[in-house]
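A closer look at the structure
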Amino acid sequence: MNKKNRFPLILVVLVLFFQSLIGITAQAADEFTVKADAGFAIDADSGKVFFNQNGDTPKGIASITKTITAYLVLDAIKQQKITWEQEVPISAYAEKLSTVPDLSNVTLVQGQKYTVRDLFEALIVQSANACAVALAELIAGNEHTFVDQMREQLIKWDIKDATIINSSGLSNVFLEDQIYPGTQKNDENLMSARDVAIVAQHLIKDFPEVLEVSKIKEKKFAPNTTHPDEMKNWNVMLFDGPNYKAGVDGLKTGTTDLAGACFVGTIQKDGRRVITVILKATDQEKDENARYVETSKLMDYCLNNWSQQDIMVAGQAPSDQKELAVTDGKQKTVPLAMESTVRLWIRKDMDPKNLTFKTTLNHSLLDNAAISAPVYKSEKIGHVTVSLTQDTLGYVQANEGASTELITTKAVEKASTSELIWRKVVHSANSIWKVTAQTANSIWQVIVQTADSVWQKTTQLFN
């Protein structure tokens, strides 16, 4: 083959190669999965959902439960109901639970001095189950009342499909006569991956100091007591080794026979924070770190495939509400437009020009879906939620999303008194004409029907 013929062939090969790369990127973004019963990921700030694999079905969450417990502890501190340095009494129940073999714990002994800070750090770092009970008893008097508070908090976050029966995430099997009334011996806490992400989002947003605890690698628990313990974080992504990941600073592991290996993780990188959820990693039997492997893959997927872009919609009319009726105005309608640019999360394979608009009018300003004149230019009369048509993932909660104000683009003066009178005259005349026409039509129908009946009877007589 001569050189002249070789160049076009090389060019074709290169074009096909780059096209295949583009296709692979799009396919990977669209078809990405994790090896787990459920996976979920969101942007911590906006609540944008990046990934949802069976994320709306309640499943076992094990010690991820402790993120709810942690929230209530931090909230009690914020409300000055308890303090970090307050001493926590240890009940016989908490002491006994702290020594149950095979459970994640630090040893608690009645009569020894433990502060709220001591138990909170053990709760997050060591996933100490008895510490969850002791903190619950401190705040609510007993664990069952604390569980009621946990449930109430979830309802405030619009989480209605969760099953919460204890503060630690343990199976009732280990709680003996302390199980929540009405529950069964093998019951456990259940939440969907979406619910877990919502809890983590609120925990991190409302109490970012929790990350200072969740990133602790190792620490001695209660060094001045008779039973100090060495704590080591279960989150191996914090430690040097094959599962280490820069930017990871939390959040909570969970493991039971029902729940399997679970992890709600969070990473901060390039000015953004992502929250990921893995429930029941399916490769756990082959790899004890499977939950972290899948978390790492999910974090990379979110960081590499999703980015924010400014979408220039300012001055454009939303397709579902281009104008609004005006009562008593010189013009009968006023044109509308979106006020400002919106910032959307866009996956690599999605078209940023293919948009969907959902307009919500401020009905307190309207009467019978119309605004009364005079109408001023740039008057705010509602808002428009903007989303990518291809993006079916949405936001983790209904009240989240990218939106802009809906404004009027022109002023509409009130019509003069004479013009309003003339409109009423015309309207009345039209109404009278309409009624007259309807009446005349009804009379004509009666005449026609009567004539037809007479004709039929006459025909019958002569036949």
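Residues numbered from 1 in each chain as written. Predicted model: local features only at pLDDT ≥ 70, side-chain atom pairs only at ≥ 80, totals over all residues. Heavy atoms only, no water.

A few points about the packing of aromatic side chains
Summed over all chains, the structure comprises ten aromatic pairs. Between F32 and F51 the ring centres are 5.3 Å apart and the planes differ by 70°, which places this aromatic pair in the edge-to-face class. Taken together, the residues F32 in the loop between α1 (3-31) and β1 (36-43) and F51 in strand β2 (residues 49-53) connect sequence positions 19 residues apart. Overall, F32 belongs to the buried group, its relative accessible area being 18%. Judged by relative accessible area, which is 6%, F51 ranks as buried. Judged by centre distance (5.4 Å) and plane angle (80°), the rings of W84 and F120 are edge-to-face. Residue W84 is found in the loop between α2 (66-78) and α3 (92-97), and its partner F120 is found in helix α4 (residues 116-126); the two are separated by 36 residues along the sequence. (Phe/Tyr/Trp six-rings, centres within 6.5 Å; stacked < 30°, edge-to-face > 60°. Helix = DSSP H or I, 4+ residues; strand = E, 2+ residues; numbered from the N terminus. Buried < 20%, exposed > 50% of the residue type's maximum accessible area, 1.4 Å probe, protein only.)

Digging into helix α9 (residues 290-305)
Residues spaced three or four apart along an α-helix point in a common direction, a consequence of the helix completing one turn every 3.6 residues. The end-to-end C-alpha distance of α9 is 22 Å, a good match for the 22 Å that 16 residues give at a rise of 1.5 Å each. Of all 16 residues making up α9, twelve are buried, and the element is well covered by its neighbours. Residues A290, R291, Y292, E294, T295, S296, L298, M299, Y301, C302, L303 and N305 constitute the buried set of α9. (Expected span 1.5 Å × (residues − 1).)

Re the sheet that holds β1
Read across the open sheet, the five strands follow the order β2-β1-β9-β8-β7; overall the sheet is antiparallel. If you trace the sheet from one side to the other, it starts and ends with β2 and β7 (248-256), each paired once. Ignoring strand direction, the axes of neighbouring strands in this sheet form an average angle of 10°. Pairing analysis gives seven bridges linking strand β8 (residues 260-269) to strand β9 (residues 272-281), with the strands arranged antiparallel. Among the inter-strand pairings, V264 is bridged to a residue of β9, identified as V277. Helix-sheet contacts for helix α7 (residues 193-206) involve β1, β2, β7, β8 and β9, and the interaxial angle to β9 is about 145°. (Pairing = 2+ DSSP bridges. Axes fitted to C-alpha atoms, helices over the stretch in contact; angles between N-to-C directions. Contact = heavy atoms within 4.5 Å.)

Points about helix α6 (residues 143-156)
Taking 1.5 Å per residue, 14 residues should reach 20 Å; α6 reaches 20 Å between its end C-alpha atoms and fits that length. Listed in full, the buried residues belonging to α6 are E143, F146, V147, M150, Q153 and L154. Angular distribution of buried residues about the axis of α6 spans 115°; they occupy a single face of the element. Turning to α6, the residues buried within the fold contact α2, α3, α5 (129-140), β4 (190-191) and α7. Where α6 begins, one side-chain oxygen reaches toward the backbone nitrogen of H144, 3.1 Å away; that side chain belongs to N142. Following α6 by one or two positions, D158 has its phi on the positive side, about 65°. (Arc of directions from axis to C-beta. Polar contact = N/O pair within 3.5 Å; in protein donor to acceptor, adjacent residues only side chain to side chain.)

By themselves, these observations are geometric and do not establish any function.
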